[in-house]
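Descriptive analysis of the structure
Here is how the chains run, residue by residue.
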Amino acid sequence: MSNLQSSETESLPTEGTAVEETPVIMEKPQTKPAGSPSIKFLKEDKEVVAASGANLRLRALENGIDLYTFMGKMMNCGGYGQCGTCVIEVVEGMENLSPRTDVENRKLKKKPDNYRLACQTLVNGPVTVNTKP
Ligand code: FES
C-alpha cells in the first residue's frame, strides 16, 4: 500500500515545478491566389469576371463590350485569328494572360508587345485592357 501512495505523489506536480507548456501550433496562412480572373475594360468602365482560361473575346462579347471598329464589325473572322480586328491593348496584368500565339505574332508584328488579339487570348487572372487601341 505504501508503494502505491508513493508513486502517486511522485507523479503530482509540486509547487514551484515548471509545467511544460504545450507548443502552440500556428496554422499555416493560406496562400492567396494571384487574383481571380477578371477583365477590366478601361474605355467602357466595366469589369467582368471570368472563369480561369476564359477567352477574352467571348467574355467581352457576352458582356456587350464592342471590340470591333466599323470595318471589324463588317468583316471579322469570328474569332479564328485570321482578321486581326479584335486587337486590344493590355494595360495591366499581361502575366495573367496566355502567351501570344504564332498567329498573333504574325498579325501583330508591327504592334507593341502589349497588343493582343482578344480571340487568341485566355484570361487566368486580373487584367486591364483598352479596346480598339
Ligand atoms: S476575331 Fe479575327 S482575329 Fe480575332
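Each remark here, short or long, concerns the structure printed above.
Residues numbered from 1 in each chain as written. Predicted model: local features only at pLDDT ≥ 70, side-chain atom pairs only at ≥ 80, totals over all residues. Heavy atoms only, no water.

Time to look at the overall build of the protein. Within the protein one finds four helices and seven strands. Mapped from its N terminus to its C terminus, the protein presents α and β elements in the order α-β-β-β-α-α-β-α-β-β-β. Classification of the 133 residues of the protein by burial places 31% in the buried group. A separation of at least 24 residues holds for 62% of the contacts in the protein among residues at least 6 apart in sequence. Carbon and sulfur atoms form 54% of the exposed surface of the protein, whose accessible area is close to 9500 Å². (Helix = DSSP H or I, 4+ residues; strand = E, 2+ residues; numbered from the N terminus. Buried < 20%, exposed > 50% of the residue type's maximum accessible area, 1.4 Å probe, protein only. Contact = heavy atoms within 4.5 Å. Areas by Shrake-Rupley, 256 points an atom, 1.4 Å probe, with all protein chains shown as cover.)

The subject of this paragraph is the pattern of salt bridges. This model, assessed by the stated rule, comprises four salt bridges. Two residues, D66 and K73, come together in a salt bridge whose shortest N-O distance is 3.1 Å. The salt bridge partner of R116 is E104, with a shortest N-O separation of 2.7 Å. You can see R116 sitting in strand 5 (residues 115-117) and its partner E104 sitting in helix 4 (residues 102-107), a full twelve residues away along the chain. Residue class for R116 comes out buried when judged on its relative accessible area of 2%. Each of D66, K73 and K132 takes part in a single network of salt bridges with overlapping partners. (Salt bridge = Lys/Arg side-chain N within 4 Å of Asp/Glu carboxyl O.)

What follows covers the sheet that holds strand 4 (residues 87-92). The strand order across the open sheet built from five strands is 2-1-7-4-5, with neighbouring strands paired in mixed fashion. Unpaired on one side and paired on the other, strand 2 (46-49) and strand 5 mark the two borders of the sheet. Taken pair by pair, the neighbouring strands of this sheet meet at an average axis angle of 35°, ignoring direction. Note: strand 4 against strand 5, three bridges, orientation antiparallel. Pairing of V87 across the sheet is with L117, part of strand 5. (Pairing = 2+ DSSP bridges. Axes fitted to C-alpha atoms, helices over the stretch in contact; angles between N-to-C directions.)

Our focus in this paragraph is the nonpolar core. Residues I39, F41, L56, I88, L117 and V129 are the most contacted members of the largest nonpolar core, which totals 24 residues. Looking at this core, the elements that each hand over two or more residues are strand 1 (38-41), helix 2 (56-62), strand 4, strand 5 and strand 7 (126-131). Top element by residues in this core is strand 4. It accounts for three residues. Those residues in contact with L117, other than ones at most four positions away along the chain, are G84, C86, V87, V103, E104, K107 and L108. (Core = buried A, V, L, I, M, F, W, Y, C linked by side-chain atoms within 4.5 Å.)

To continue, consider the pairing of strand 1. Of the strand pairs in this sheet, strand 1 and strand 2 are connected by four bridges, and their pairing is antiparallel. Paired with S38 across the two strands is V49, which belongs to strand 2. Joining the antiparallel neighbours strand 1 and strand 2 is a turn of four residues, in which D45 adopts a positive phi near 55°. In terms of strand pairing, strand 1 meets strand 7 through four bridges, oriented parallel. Along strand 7, the bridge assignment pairs S38 with P126.

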